[in-house]
Each structure stands twice: as structure tokens, then as C-alpha cells.
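Take a look at the letters that make up each chain.
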Amino acid sequence: MSGAESVGDGRSDAGGGSRGDGVDRTPVPDADVCVVGAGPAGALVADRLAGEHEVVVLDAGPRFDPDERLARQERAIRPFYDRPDVWGVGGDRDAHENAGERAYPLNHARVKGVGGSTLHWQGMVMRLHEDDFNSGTVRGVGPDWPIDYDDLRPYYAEAERELGVAGGSGVDNPYAPPREEPHPMSAFEPSYSDSLFAEACESLGIDIHSVPNARNSEPYDGRSPCVGYGTCQPVCPSGAKYDATVHVERAEEQGATVIDRANVGTLEHDDEDRVTAAVYATPDGEEHRQEADAFVVAAGGVETPRLFLLSASERYPDGLANGSGHVGEFFMDHLFTGAGGTLDEPTRQNHVGFYTSACDQFYDEADESRAPFKLEFFNYAGPSPVEMALSGEDWGDPLLERLCDGYGNHVAMGGLVEQAPQADSRVTLAEDHTDDHGNPVPRIEWSVDDRALDTIERTNEIQVEILEELGADVEWVAGPDATGPAYHHMGTTRMSDDPDRGVVDADCRAHDLENCWIASSSVFPTSGAMNPTLTIAALALRVADDVDARLAGT
Amino acid sequence: MELTRRDAAAALAAVGATGGVALGVRRAGDGSASGADGAVGDGESGEELPDDGAVREAMAAIATTVYPEAVSGVDAFVDGFLDGRLDGSAHGEGIRAAVAELESTARSWYDAPVAELSVADRDELLRGLGADTAEENPHGTTAERVRYYVVNELLLALYASPTGGELVGIENPQGYAGGAESYARGPP
Ligand SMILES: Cc1cc2nc3c(=O)[nH]c(=O)nc-3n(C[C@H](O)[C@H](O)[C@H](O)COP(=O)(O)OP(=O)(O)OC[C@H]3O[C@@H](n4cnc5c(N)ncnc54)[C@H](O)[C@@H]3O)c2cc1C
Ligand code: SF4
């Protein structure tokens, strides 16, 4: 069936066919491990444990039909659909409140369903730098992580193999942290516009190098190489871009059970600080209890703290795992910084939907007043002609003229800046606003520190300098006022050795609970300025090892 | 620039349909209801819905208005594209219903079917309906549905195809799986 209207959304409030789809969503008896969330974190944990253990994964969203990806791509291109419509995000299921200094567009920033937010993601996968793990000591900002780069290093290498990363293996990027082996696939060739940027950067003494992509530059792991659809964000129809359905499928092949449209509303516990069951609701209106020996919460950086807060009990009146009082606090994202304009020559943009060159040169200059940041060189600057064609009051020759005028000469740079952790930037429960299951919705208070805002100004200076050297007419600058989040939810169940200062310990196990782990960027004590998912994946693999060791010990 | 079967196949691939495969399901069972004037009853309101042939004819006629003059081969391109779209899906039926409204407006304003109007009259018909200023909406007003199912349907097909892209200077437009090499090449 073709057509953007032919795809199902699978939200329980979406009506039509949502009830009684004949799928068995009853709990699995004798489960060893229950994972909440089928994004990359949950999927990697499930895949790693499924061979040896009885694993069940519960996800609030649906299983998406892979045959519908092109119809979703049509939604990405057609102006009628908003970004959240591509993967059916929104409605009562995904309701939330904003109460902070800056509005947070939560439903643009996540996908619920098997595969999680990687269905929508861009797929840039860098390791954090060594100093990111010691930000307190080295830069005087935030706490140090209770683990070091060296603790994660082997897991980073494994995560790169699991996701399938095409990268420069550190050869052309002297600023990348040390690595022991090459990336699994060679990096994508630089784009034509990269070659223009490279010249300008060279005359300014600025280095430009490849970027690691979780995207196949050659056939990998049974998946296609990139074929250039150019709609990576929000959907890759070819499967060349990694998404977590890869590991969900692998976990299922090994015997794991994955239950979709199973929203976990609370975690139950006994008197010995053990989680006993995940209570979940299914589309038929039933409520079920999934019991297990170990629980891994991998519901993303907003729903994870929300689930612990929703699980408050007499024994834990402030929420489960919240002895520190920090559940939900220190909500961080990476801040987008950018500038762009036009040249008087063709720049060949929008052939593909990812970028191929970046600059990490300034990253480790970070200190108390300057946040770490990285710079990116866009391959999709300016409008895409097909999208332009669908809105406007013209057609025929005048439309073609407008497209030819509008497309062809754009260039742009982006970048990400770290924000410092602040307790009052946080996720709490809304007081009188509930979701489709009657649970209080997340309330987001997002604020950004001055160091981050000052750093954005600094990045803008560099971006404009490069663009001017290139001969561009600079037409826009996304500075401190125009910045927005990069859709990376971090910090809300931070990791610390000290149970008073953090929610989970260095193994990502909740301080207050014997058998409950968190696999998510919510455990990041500070965020660095590198996209988080490779670190999420590395931590998830490490969590799986710890769960495995503890299950073996009991 | 000549639109080819390859363009139609590429445009179809971009929206997730495959031409030919659809033939088997094309309004199966409705054949006998086909009227001699190329219309089938929709069984409910008593209004006439155009059959596939009439939809194809009207869409090709509209295409000559909304496509730039520089393209040729429009009939075969639109026909090839609709092979995959008129597949019994909700989308295909949306196209049919929007074309029915266009046709009935054409008959009441010009006393002629869309295919027999001049290019200028077709342009006037679309603008008179408000399809130029309307934002596309598959559930909206007539103007919004005509924009979604007719005008934008045809523009999407063209500009997501390699030939349509080349008109604008991009041989690998969004939606077309044109490979992972063109982005690295310089201008021709
Ligand atoms: C537009 C966009 C671009 C991005 N680009 C990049 C990038 O280039 N690089 C990068 O590193 N990161 C990127 N990200 C971020 C990346 O997608 C996330 O970091 C990653 O998906 C997080 O993985 P996760 O498994 O922790 O959570 P998610 O992927 O969000 O998955 C969480 C899952 O938990 C489920 N869930 C939530 N609550 C419950 C509940 N109560 N019960 C049951 N299930 C529940 C959800 O349905 C969801 O499927 C991007 C994100 C977006 C939105
Ligand atoms: S450009 Fe490559 S990775 Fe992006 S959507 Fe297309 S095939 Fe997928």
C-alpha cells in the first residue's frame, strides 16, 4: 500500500484498529531479566543477555512495519506532516508540560516504539573525550564521572562494531581520544562542499576531518550500504543507517520476548529493596505484571526518571531509587549552534542527509568559562527542492524558476555545545495533567547556563570567520537566543559513587535497589559535546555484563 | 527534458509503491460497475467516481499545467506513476475522490471534462478552486485535498525523480535513492 496516509501510528489513542490486534502481550513466566524500553540501550542489553537468560523487553510504542518506511519518508517530505507525525509521536500518550526558562520540544526529540529514537536519529557516533569523564577536576565544572575513559574504552570499540560505524579510525582526526583498532567501516568520502570548506579552513589554520557515522559505507551486518535517499533524519528507508531494530531482532532470534504497546506505569518492590515487577498496560485495557530477577530501565532520558517518580510507594515516598532526591534533576541537552549563507557558485547540497566533515580542534580547550564544543560542516544546507515544490502558490515555469533560485548555492555550519548540569533544570511530574493511562505527564523545566551561552557566541565567531573566508554571504546565525536542543536527554538519573549525590553507582545500578539498573544517557553526570548514543551503547553493554555477573552470582 | 519510465519508477520507489504489482488489486470487482462514460458508482452518495482510466487522463492533463514546459513525456510518466498509486489504498482512493471533484467543477464551470480544457483553463480551474493558495491536507477542504492528492501528488512525483531533480540542478533529489557518490562530485 502506498501513500503517506496508509501507515498506522499504533498509539492507543489513535483509534481505528488499536484494540485487539491479536498479539499476545501477557507476561513471560520465569523471566530472568525485564528490560523497559526497546531503543538502542534496551535492545543492546537484551541482545547481550538473551543467549544465556530468559529476557523480556517491554516498550510503550508499537512495532513499526519495515515495509512502511517509504510511506514514512513521504510524510517526511510532504508539508502536511510535522516531524512527530513521521513516527506517530504525539497525542495523549506523549503529552508533557513545559515550565522552564526555555520550551523543550519533547515530541520532536524522541520516538516511542521498537527501535526507539534511533528510528529518527541522525546517526553521528563519537566517543566522549577523556576530559569529559573528569570535568570537575580538569575544567572545574560539574562532578567527575565515577568511571574513566579507560573503563569504557573496550566497550566503545564493541559498540562501534555492534552499531556498524564508518569512520576515519582517528587517522585524520588528531583530536579524537585514543583508540586501539580502526572503525569497522571506512569513512564516507568528504562531500563536494567539504572540499570548499577545507580550503577556507586551511587558510585560517583550522583542521577539518572525517566524522564517524552509524551508517553503512559498505554492506555491513546484512544491511545495505547507503543508497542516498537523503532523508536520514527522520527515516532511512534502506536500513543503511543503524537503528535499534537491528538488536531487537537479534535478541528475538536468541529467544528474547519483545512486547510492544506495553507501557510500564510503575515498578513494584518488596521490603528488601528489590524490584519485583514491572506493571504495564496493553491496548486491550488490561494491566499485567512482568516479574523478573533483574530489571533494566532503558526508557530514555525523560521517561526513565518519570517511571521512578511514578513508582513512589509508602517505603519510597519521593519515588523509587530516589534516596538522593536527584531523580529528574540535572536535565541537560547539547545546544545547537550554527551559521549559514550562500556562495556565488554551486554547493551541491541535499544529495544525502548526513554530514561527512567536522572539526574537533577546539574541544579540549574547555575550562571553567568555555564549554567543550565541536563544529560540523553541513551537506544539507538550504532547502530541498522537492520540499520547496510542495508549498507555494506557483506551479509550472514560475515554480521551476523559484526552485532554481532557491536551491544550489547554500552552505552552512553547525555545532554542539555542552551545557553544565544544574539541579533546577529538571523533569518532574505534572500536578494535574495525565496521559492516556491516567499517569501524571512529565513536566520539563529546561534552563541553560551562561558558560554554554557564552561558548555559543564563541562558536558563532569561528563559524562566521570560516564562512567569510569561503566568500559566503552570511544570512543566518543561530546564536545564544536562537539556539535549541539537539534532542539528547541527559543527566536525570546521574551516576555517582556517593548515594547522596547520584541515583546509580559506577555500574549504573540504582544505589537504593539490589536488582535494578539504568541504561541511558540519564546516567551522564556531565554531557561533553559529543552526540551521546555511542556512549549510551557502550554503557548498555557494560550494564549487561554486570547484570550477567550478578545473575550468575545468585 | 524527457521524462522516462525510469523517472516514473524512481518517483514510485520514493513513495513506496511498485508499478505493475498494483494491477492485480486495482479496484478488483468494480469492473462490472464501470459505466460507459468511464465512471463507477461509489454506492453511497450516488455521486459518480471516475474509473482508473479517467483518473489517469485527468491527472496527465493537470500535469501539463503544473509541470514546467521544458519536460516532455508527461503522459507516460504520470501513467507509470499512477500504476503504483492507484493500488486500492486509501491514498489511491483519495486521488480518485479529488479528481471526481475537479471533474465536476470543470463540468459546471466549462461544461467539459478536465482533459478537454486548455492549459490556461486548467490553470484557472485549479486557482478558482483555491488549490494554489491552499496548504495540502488529505482530510481538508476541496482545495486542500486537490492540493494534496492532485497538485502536490504530481509535483512530488516530478521533483523526486532524477529528471525532475536535474531541472533544478540536483540529479539525486531527496526521496530518490540515487547512490552515495553524487554528493562528493563537483558541479558538472
Ligand atoms: C532527531 C534526532 C536526531 C538525533 N541524532 C543523534 C545523533 O546523530 N547521534 C546521537 O548520538 N544521538 C542522536 N539522537 C539521540 C538518540 O536518538 C538517543 O540518544 C537514543 O535513541 C537514546 O537511546 P535510548 O535507548 O536511551 O532511548 P530511546 O531511543 O528514546 O528509546 C526509549 C524507548 O523506551 C520506551 N519507553 C519509554 N517509556 C516507557 C515506559 N514507561 N514503558 C515502556 N517503554 C517505554 C520508548 O517507547 C522508546 O522506544 C537523535 C535524536 C533525535 C530525536
Ligand atoms: S542518505 Fe543513506 S543513510 Fe540517509 S536515508 Fe538515505 S540511504 Fe539512509
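Residues numbered from 1 in each chain as written. Chains lettered and ligands numbered in written order. Predicted model: local features only at pLDDT ≥ 70, side-chain atom pairs only at ≥ 80, totals over all residues. Heavy atoms only, no water.

Some details on the site of ligand 1
Residue and element names in this part refer to chain A. For clarity, the cut-off: In these notes, residues near a molecule or strand are those with any non-hydrogen atom within 4 Å of it. The term polar contact refers here to a pair of N or O atoms within 3.5 Å; inside protein, the definition further demands a hydrogen-donor-capable atom paired with an acceptor-capable atom, and it admits residues adjacent in sequence only when both atoms are side-chain atoms. A 1.4 Å probe and the Shrake-Rupley method give the accessible areas. Residues count as covered only by the protein chains that appear here. Strands are runs of DSSP state E lasting at least 2 residues, helices are runs of H or I lasting at least 4, and numbering of each runs from the N terminus. In the scheme used here, Gly and all other residues not listed as nonpolar or charged are polar, with Ala, Val, Leu, Ile, Met, Phe, Trp, Tyr, Cys and Pro taken as nonpolar and Asp, Glu, Lys and Arg as charged.
By nearness alone, 38 residues border ligand 1, and Asp59, Gly113, Ser117, Met124 and Thr533 come closest of all. In this structure, a nitrogen atom belonging to ligand 1 sits 2.8 Å away from a main-chain N or O atom of Met124. In this structure, Thr533 approaches ligand 1 through a side-chain N or O atom, which is 2.8 Å from a nitrogen atom. Computed on the free molecule, ligand 1 has an accessible area of 1000 Å², of which 95% lies beneath the protein chains in the complex. Elements with a minimum of two residues in the shell around ligand 1: α1 (40-50), β8 (263-269), α8 (300-310) and α12 (533-553). In terms of residue class, the shell around ligand 1 is made up of 17 nonpolar, 17 polar and four charged.

Remarks on the site of ligand 2
Close to ligand 2 lie A:Arg215, A:Cys226, A:Val227, A:Gly228, A:Tyr229, A:Gly230, A:Thr231, A:Cys232, A:Val235, A:Cys236, A:Ser238 and A:Gly353, which account for all nearby residues. Among the residues forming the shell around ligand 2, the class breakdown is six nonpolar, five polar and one charged.

Considerations on the sheet that holds strand β3 (residues 97-98) of chain A
All names here are of chain A. Note the threshold: Following DSSP output, two strands are said to pair if at least two bridges run between them.
Taken in spatial order, the three strands make up an open sheet running β3-β18-β17, and their pairing is mixed. The strands lining the two open edges of the sheet, one partner per strand, are β3 and β17 (426-434). In the sheet, β17 pairs with strand β18 (residues 440-445) via five bridges, with the strands oriented antiparallel. Bridging across to β18, Arg426 finds its partner in Glu445.

As for the sheet that holds strand β7 (residues 257-259) of chain A
Residue and element names in this part refer to chain A. Our working definition: Convention adopted: a line fitted to C-alpha atoms gives each axis, helices being fitted over their contacting stretch, and angles between N-to-C directions are expressed from 0 to 180 degrees. Should any heavy atoms of two residues lie within 4.5 Å, those residues are considered in contact.
Strands sit in the order β7-β2-β1-β11-β20 across an open sheet of five strands; the sheet is parallel. Here the strands that pair on one side only, and so sit at the sheet edges, are β7 and β20 (516-518). For this sheet the average axis-to-axis angle between neighbouring strands, irrespective of direction, equals 15 degrees. Sheet strands touched by α1: β1 (33-36), β2 (55-58) and β11 (294-297). Its angle to β2, the strand with the most contacts, is close to 165 degrees. Across the sheet, α12 touches β1, β11 and β20, and the angle it forms with β20 is around 170 degrees.

As for the packing of helix α5 (residues 149-163) of chain A against α12(A)
Residue and element names in this part refer to chain A. Selection criterion: Comment on the angle field: the value is read as roughly parallel under 35 degrees, roughly antiparallel over 145, roughly perpendicular from 65 to 115, and oblique elsewhere.
Contact geometry for α5 and α12: axes closest at 8 Å, N-to-C directions at 110 degrees. Between α5 and α12, the angle is such that the two are roughly perpendicular. Note on element contacts: α12 touches α5 through Leu534, Thr535, Ala537, Ala538, Leu539, Leu541, Arg542 and Asp545, opposite Asp151, Leu152, Tyr155, Tyr156, Glu158, Ala159, Glu160, Glu162 and Leu163. Among the residues making up the contact of α5 with α12, the classes are represented as ten nonpolar, one polar and six charged.

Digging into unusual backbone geometry
All names here are of chain A. A cis geometry characterises the amide bond from Gln233 onward to Pro234, with omega recorded as 25 degrees. With respect to the secondary-structure elements, Pro234 resides in the loop between β6 (209-210) and α7 (245-253). Of note in the backbone geometry, Asp30 takes a positive phi value of approximately 55 degrees without being a glycine. Residue Arg348 is not a glycine yet carries a positive backbone phi of 60 degrees. For Arg348, the position within the fold is in the loop between β13 (338-342) and β14 (357-359).

Things to note about the environment of A:Glu199
Residue and element names in this part refer to chain A. To keep things clear, this is the line we draw: A simple rule labels every residue: compare its accessible area, found with a 1.4 Å probe on the protein chains alone, to the largest value its type can have, and call it buried under 20%, exposed over 50%, or partly exposed in between.
Counting through the fold element by element, Glu199 comes out in helix α6 (residues 192-204). For Glu199, a relative accessible area of 59% translates into the label exposed. Between the C-alpha atoms of Glu199 and Val33, which are 166 residues apart in sequence, the distance is 53 Å.

Observations regarding the environment of A:Asp397
Within the fold, A:Asp397 resides in helix α10 (residues 396-406). As for A:Asp397 and A:Val28, which are separated by 369 residues in sequence, their C-alpha atoms are 62 Å apart. In this structure, A:Asp397 is in contact with B:Pro68 and B:Glu69, ignoring residues within four places of it in sequence.

So, the UniProt feature "domain: Glucose-methanol-choline oxidoreductase C-terminal" (unreviewed entry) in chain A
As a reminder, the rule being used: UniProt positions are given in the numbering used here, feature names are shortened, and annotations may be inferred rather than shown by experiment.
Residues annotated by UniProt as "domain: Glucose-methanol-choline oxidoreductase C-terminal" (unreviewed entry) correspond here to residues 421-540 of chain A. Annotated as 23% helix and 20% strand, the span residues 421-540 of chain A places its first and last C-alpha atoms 22 Å apart.

Some remarks on the pattern of salt bridges
Residues and elements named next belong to chain A. Just so we agree on the cut-off: In what follows, salt bridge is the name for a side-chain nitrogen of Lys or Arg lying within 4 Å of a carboxyl oxygen of Asp or Glu.
Here the structure, examined in full by the defined rule, presents 51 salt bridges over all chains. We note a salt bridge from Asp394 to Arg402, for which the minimum N-O separation is 2.8 Å. By relative accessible area, Asp394 is classed as buried at 14%. Taking relative accessible area as the criterion, Arg402 reaches 25% and is therefore assigned partly exposed.

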